[in-house]
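Topology and contacts: notes
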Amino acid sequence: MQSGTRGDTVTIDTASVHQFHIPESLMSQMRSSIFLMGPLLSRLGRVELYQPGGCAIGERKIDLHLSGLAALGAKIEETGNRIVCTALEPRGTEIVLDYPSVGATENIMMVAAMAKGMTTIINAAREPEIQDLQNFLNAMGAKIIGAGTDTITIEGVSELIPCTYRIIPDRIVAGTLMIAAAVTRGNVTLERISPAHLTSAVHVLKRAGVQITIDGDIMNVCARSRPKSIERIVTSPYPSFPTDLQSQIMVLLSLADGISISKETVFEGRFKHVDELSRMGADIRVDLNSAFVRGVPRLYGATVEATDLRAGAALVLAGLAAQGTTIIEQIHHIDRGYDRIELMLGRLGAAIHRTAPITDPVPTE
């Protein structure tokens, strides 16, 4: 496979793809490597991979991925950490997911797009990214309907063709910037976003007293005073408040006037940023999957560690709002989800810089 980049454009040529083995060194570093399973199985009839690693945010099983592919006719062999999937002729079927997993929905879609017959995914994930994948695959000749609802129907086709496609704006990056404006009591205008994808984040920030105005694909976020506490925030699959913004919103709650409760229902290990925020003066108590946050007047700079992608983003926001200097270590996690976050925030006036050169966090073989 060959790829090239030009600004915000990526060109991919897969004419030479023949390798169905994904090295363990890649799988252990980047959980997103699991998304190669569906395409490689569909194209080559076989894929060899390993249990994925990545951000330490709790148990993230891939059993729904495997059972979904097995339902399409794949033979699954597991030996220790190694997984081999074989399916020379995937066939459409009805698949009922026990949980609306984004990753499982996407892997099933990518195999079913070229499977023989009709596939129906029931209790499918409804995230905007699922809709975007449907639109992308359809642009390549697939026949998929229903993305954005809990039932997706896929009529298999014999081939997919190359296309040019513009992906949707990243709603989590946009949400992070919205919260950045709120915690620093700033005024930020975001352009070329999809406000409809941010409804839950807008609702929560407005409850905290943040002023938000929307005009088409332009959003202005303004906060001039200390945020209000929020009685209860619960993360849940889309369209509810996203788990990927839970760490960042906790920074805002840490500075709010009063006591807030944040309940995490998606990943049981997603409160590892709490200890780091506490080093900066936050007053947070965790009980099972709920965090009780008593707002403090200010946070203070400290040396902290990014334990995962979104926790790292949250610590960057905390550093922007804190008194003094904050040093964040293990920032390779942050780089997986934000393109040069220090430059993006620097353009908004943040005094932020990287003290070590960017290195590829994923070793190659």
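Residue numbers run consecutively from 1 along every chain, following the written order of its sequence. With pLDDT at 70 or above as the cut-off, local features in this predicted model cover only qualifying residues; side-chain atom pairs require 80 or more to be listed or tallied, and sums for whole chains, interfaces and linings still use all residues. Side-chain calculation: all heavy atoms of the structure are included, whereas hydrogens and water are not.

Overview of the overall build of the chain
Heads up, the condition is: The helix and strand labels rest on DSSP assignments: H or I over at least four residues marks a helix, E over at least two residues marks a strand, and numbering proceeds from the N terminus. The globule rule used for comparison is 2.2 Å times the number of residues to the exponent 0.38, while the radius of gyration itself is calculated over C-alpha atoms. When a residue's accessible area, from a 1.4 Å probe over protein chains only, is under 20% of the maximum for its type it is buried; when over 50% it is exposed; and in between it is partly exposed. Under the convention used here, a 1.4 Å probe and the Shrake-Rupley method define accessible areas, while residue burial counts only the protein chains that appear. Counted charges follow a simple rule, with Lys and Arg positive, Asp and Glu negative, and His plus the chain ends left uncounted. Think of each charge as sitting on NZ of Lys, CZ of Arg, CG of Asp or CD of Glu.
Secondary structure assignment for the chain yields 12 helices and 18 strands. The globule rule puts the C-alpha radius of gyration for 365 residues at 21 Å, and the 21 Å found for the chain is close to it. C-alpha atoms of the chain, sized along the principal axes, occupy 60 × 45 × 40 Å. Out of the 365 residues belonging to the chain, those deemed buried represent 46%. When the accessible surface of the chain is totalled, it reaches about 17,900 Å², and 49% of it is carbon and sulfur. Between the averaged position of the 34 positive side-chain charges in the chain and that of its 39 negative side-chain charges there is a distance of 5 Å.

Examining the nonpolar core
Filter applied, for reference: Each nonpolar core is a collection of buried residues, namely Ala, Val, Leu, Ile, Met, Phe, Trp, Tyr and Cys, held together in the definition by side-chain atoms within 4.5 Å. We call two residues contacting when some pair of their heavy atoms lies within 4.5 Å.
Counting 60 residues, the largest nonpolar core has Met178, Leu205, Leu299 and Tyr338 as the members making the most contacts within it. In terms of residues, this core owes the most to one element, helix α6 (residues 171–183), which gives 10 residues. Residues within four places of Leu205 in sequence aside, it is in contact with Met178, Ile179, Ala182, Val210, Ile212, Ile249 and Leu252. The next biggest cluster of nonpolar side chains, apart from the first, holds 39 residues, and it includes Val17, Ile34, Met109 and Ile154.

With respect to unusual backbone geometry
The omega angle of the peptide bond from Tyr238 to Pro239 is 15 degrees, so this bond is cis rather than trans. Examined against the element boundaries, Pro239 turns out to sit in the loop between β13 (233–234) and α8 (246–254). One non-glycine residue, Arg185, adopts positive backbone phi at about 55 degrees. Tracing the chain through its elements places Arg185 in the loop between α6 and β10 (187–190). The partly exposed category is assigned to Arg185, whose relative accessible area is 38%. Although it is not a glycine, Leu288 adopts a positive phi angle of roughly 55 degrees. Residue position: Leu288 is located in the loop between β15 (283–287) and β16 (290–294).

Notes on the packing of α6 against helix α7 (residues 199–207)
To characterise two packed helices, one gives the angle between the axes of the helices and the distance between these axes. Where we set the bar: To get an axis, a line is fitted to the C-alpha atoms, and for a helix only the part in contact is used. The angle between two axes follows their N-to-C directions and goes from 0 to 180 degrees. Angle categories: roughly parallel below 35 degrees, roughly antiparallel above 145, roughly perpendicular from 65 to 115, and oblique for all the rest. All amino acids are sorted into three groups, where Ala, Val, Leu, Ile, Met, Phe, Trp, Tyr, Cys and Pro are nonpolar, Asp, Glu, Lys and Arg are charged, and the leftover types, Gly among them, are polar.
α7 packs onto α6 with a crossing angle of 10 degrees between their chain directions and a minimal axis gap of 11 Å. Compared by their axis directions, α6 and α7 come out roughly parallel. Counted together, Met178, Ile179 and Ala182 of α6 and Ala201, Val202 and Leu205 of α7 form the full contact between these two elements. Of the residues in the contact of α6 with α7, the class split is six nonpolar, no polar and no charged.

Looking at the environment of Asn138
With respect to the secondary-structure elements, Asn138 resides in helix α5 (residues 128–139). Beyond its immediate sequence surroundings of up to four residues, Asn138 is in contact with Lys143 and Ile144.

Description of the packing of α6 against α8
Where α6 contacts α8, the two axes come as close as 10 Å, and the packing angle between them is 10 degrees. Accordingly, the angle class assigned to the pair α6 and α8 is roughly parallel. For the pair α6 and α8, the contacting residues are Ile172, Thr176, Ile179, Ala182 and Val183 in the first and Gln248, Ile249, Val251 and Leu252 in the second. Per-class residue counts for the contact of α6 with α8 are seven nonpolar, two polar and no charged.

A short note on the sheet that holds β13
Consider a sheet: its strands pair through backbone hydrogen bonds, and that pairing is either parallel or antiparallel. Basically, it comes down to this: Note on pairing: DSSP must find at least two bridges between two strands before they are called paired.
In spatial order, the strands read β13-β14-β16-β15; together these four strands make up an open sheet with mixed pairing. Since the sheet does not close on itself, it has two edges, and those belong to β13 and β15, each with one partner. Bridge count for β15 against β16 is five bridges, and the pairing is antiparallel. Bridge assignment links Ile284 to a residue of β16, and that residue is Val293.

Observations concerning the environment of Asp8
If you trace the backbone, Asp8 turns up in the loop between β1 (2–6) and β2 (9–13). Between the C-alpha atom of Asp8 and that of Phe241, which follows or precedes it by 233 residues, the distance is 28 Å.

Structural notes on the pairing of strand β7 (residues 118–122)
Which entries qualify depends on this criterion: By definition, the crossover connecting two strands over a helix is right-handed if that path, from the first strand to the second, turns clockwise as seen with the strands pointing away from the viewer.
Here strand β6 (residues 94–96) runs beside β7; their pairing, made up of three bridges, is parallel. In the strand pairing of β7, Glu94 is matched with Thr120. Between β6 and its parallel partner β7, the chain crosses via helix α4 (residues 102–112), and the hand of that crossover is right-handed. Relative to strand β9 (residues 151–155), β7 is paired through five bridges, and the arrangement is antiparallel. Bridging across to β9, Thr119 finds its partner in Ile154.

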